[in-house]
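Spelled out from the first residue to the last, the chains are:
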Amino acid sequence: MKKWENSVIEVIGPSGAGKTTFANRHLGASCGARTILHQPATISLMETHNWELRRDSPLFQNSYMQIWEAKERNEAKSSWSKSVLGERLKWYWEVMTLDAFLRQYHFPEYVFLLDDTLVTAFFPELTSLPLGGEEGFLQHMEGRKIINVTATKNAIVRRQLEREKAGEPVPSFQGQDAEFIRNWAQSTIRRRKNFRSFVAQSGLKNIEWVDVRGKWGLRRADKLVVSACFKNNSIY
């Protein structure tokens with residue numbers, strides 16, 4: 001697994017917590033000699049390189065196969081319909097592909113500010129890895145810059161219902177009632193707190209982590225983005 005050479009900031013959190021809202025705060029912002037790329041522009045950049053992650057590639061087999069197989073097992077245990085499950089697995093693969101792409105290419109002219117990332121999509125599977133080793137938890141997490149956006153259960157439910165009403169529902173929640181979303185929100189908030197504790201207790205040293213809830217933590221999160229813009233040799 002290649003060491004990170006790009007400057008990438010991951011905005012993580014449950015769907016409806018405000019990840020995209022935070023990322024959009026820096027849309028078009030001044031970034032010194034660099035340009036901030038958000039999720040769609042980063043995907044377009046990957047497409048211009050005609051790059052894809054292949055299951056038979058050494059990169060996948062040596063670095064990502066364990067967490068992908070764990071994700072498939074976890075999703076198979078879920079109650080999602082077949083069509084929803086297919087869409088979810090497609091999204092997970094796209095997230096993993098982008099993460100792998102940013103390991104393979106170096107773009108010193110950009111700061112990547114992403115809200116669909118390996119950590120937000122695969123955090124349960126990451127904690128199932130051995131702590132050390134070539135495919136271990138520490139190897140995957142080393143050097144990441146993370147802005148963890150959190151929200152209350154009621155706020156998440158409200159935003160999901162607003163998306164449904166606006167005709168832009170998250171596929172996983174399309175047609176679901178408030179009680180279903182509330183139970184999901186409660187579960188994911190609990191699991192993400194456990195992940196945060198796991199990171200803190202893992203001994204991981206080379207990581208930058210900022211927690212944001214409402215207006216609390218916004219200044220520190222903004223500072224992390226700005227500092228990435230002006231570092232000469234920023235490591236992801």
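Our structure's up above, just so we're on the same page.
Residues numbered from 1 in each chain as written. Predicted model: local features only at pLDDT ≥ 70, side-chain atom pairs only at ≥ 80, totals over all residues. Heavy atoms only, no water.

Re the overall build of the protein
Counting its regular elements, the protein contains nine helices and five strands. From first element to last, N terminus to C terminus, the protein shows the α and β order β-α-β-α-α-α-β-α-α-β-α-α-β-α. Taken over C-alpha atoms, the radius of gyration comes to 17 Å for the protein, in line with the 18 Å a tight globule of 236 residues would show. Dimensions of the protein, computed from the C-alpha atoms along their principal axes, are close to 50 × 40 × 40 Å. Per element, the accessible surface of the protein, about 12300 Å² overall, is 50% carbon and sulfur. (Helix = DSSP H or I, 4+ residues; strand = E, 2+ residues; numbered from the N terminus. Rg over C-alpha atoms; globule rule 2.2 N^0.38 Å. Areas by Shrake-Rupley, 256 points an atom, 1.4 Å probe, with all protein chains shown as cover.)

Observations concerning the environment of Ile156
By the element assignment, Ile156 lies in helix H7 (residues 153-165). Spatially, the C-alpha atoms of Ile156 and Arg182 are 8.0 Å apart, while their sequence positions differ by 26 residues.

Thoughts on the packing of aromatic side chains
Counting across every chain of the model gives 20 aromatic pairs. Ring centres of Trp80 and Phe180 lie 5.8 Å apart, and the angle between their planes is 70°; on these two criteria the pair is classed as edge-to-face. Placement of the pair is Trp80 in the loop between helix H3 (58-76) and helix H4 (82-104) and Phe180 in helix H8 (residues 178-201), with a sequence separation of 100 residues. We classify Trp80 as buried; its relative accessible area is 16%. Note on Phe180: relative accessible area 26%, which makes it partly exposed. With a centroid separation of 4.8 Å and 65° between ring planes, the pair formed by Phe173 and Trp184 is classed as edge-to-face. Of the two residues, Phe173 sits in the loop between H7 and H8 while Trp184 sits in helix H8, which places them 11 residues apart along the sequence. Chaining the aromatic ring pairs together yields one cluster made of Trp51, Phe101, Tyr105, Phe107, Tyr110 and Phe112. When the ring centre of Trp93 is taken as reference, the NZ or CZ atom of Arg55 above it lies at 5.0 Å. The ring of Phe122 carries the charged tip of Lys71 above its face, separated from the ring centre by 5.3 Å. (Phe/Tyr/Trp six-rings, centres within 6.5 Å; stacked < 30°, edge-to-face > 60°. Buried < 20%, exposed > 50% of the residue type's maximum accessible area, 1.4 Å probe, protein only. Lys NZ or Arg CZ within 6 Å of the ring centre and 35° of its normal.)

Side note on the environment of Ala228
The residue Ala228 is located in helix H9 (residues 218-230) in this model. The class for Ala228 is buried, based on a relative accessible area of 0%. The spatial distance from the C-alpha of Ala228 to the C-alpha of Val111 is 6.9 Å, given a sequence separation of 117 residues.

A closer look at the pairing of strand S3 (residues 110-114)
The buried count for S3 comes to five of five residues, which makes it a mostly enclosed element. Burial of the side chains of S3 extends over both faces: Tyr110, Phe112 and Leu114 are buried on one face and Val111 and Leu113 on the other. Relative to S3, strand S1 (residues 7-12) runs parallel, the two being bridged by four bridges. Bridging from a neighbouring strand, Ile9 pairs with Leu113 of S3. Pairing between strand S2 (residues 35-37) and S3: three bridges, direction parallel. Bridging from a neighbouring strand, Ile36 pairs with Val111 of S3. (Pairing = 2+ DSSP bridges.)

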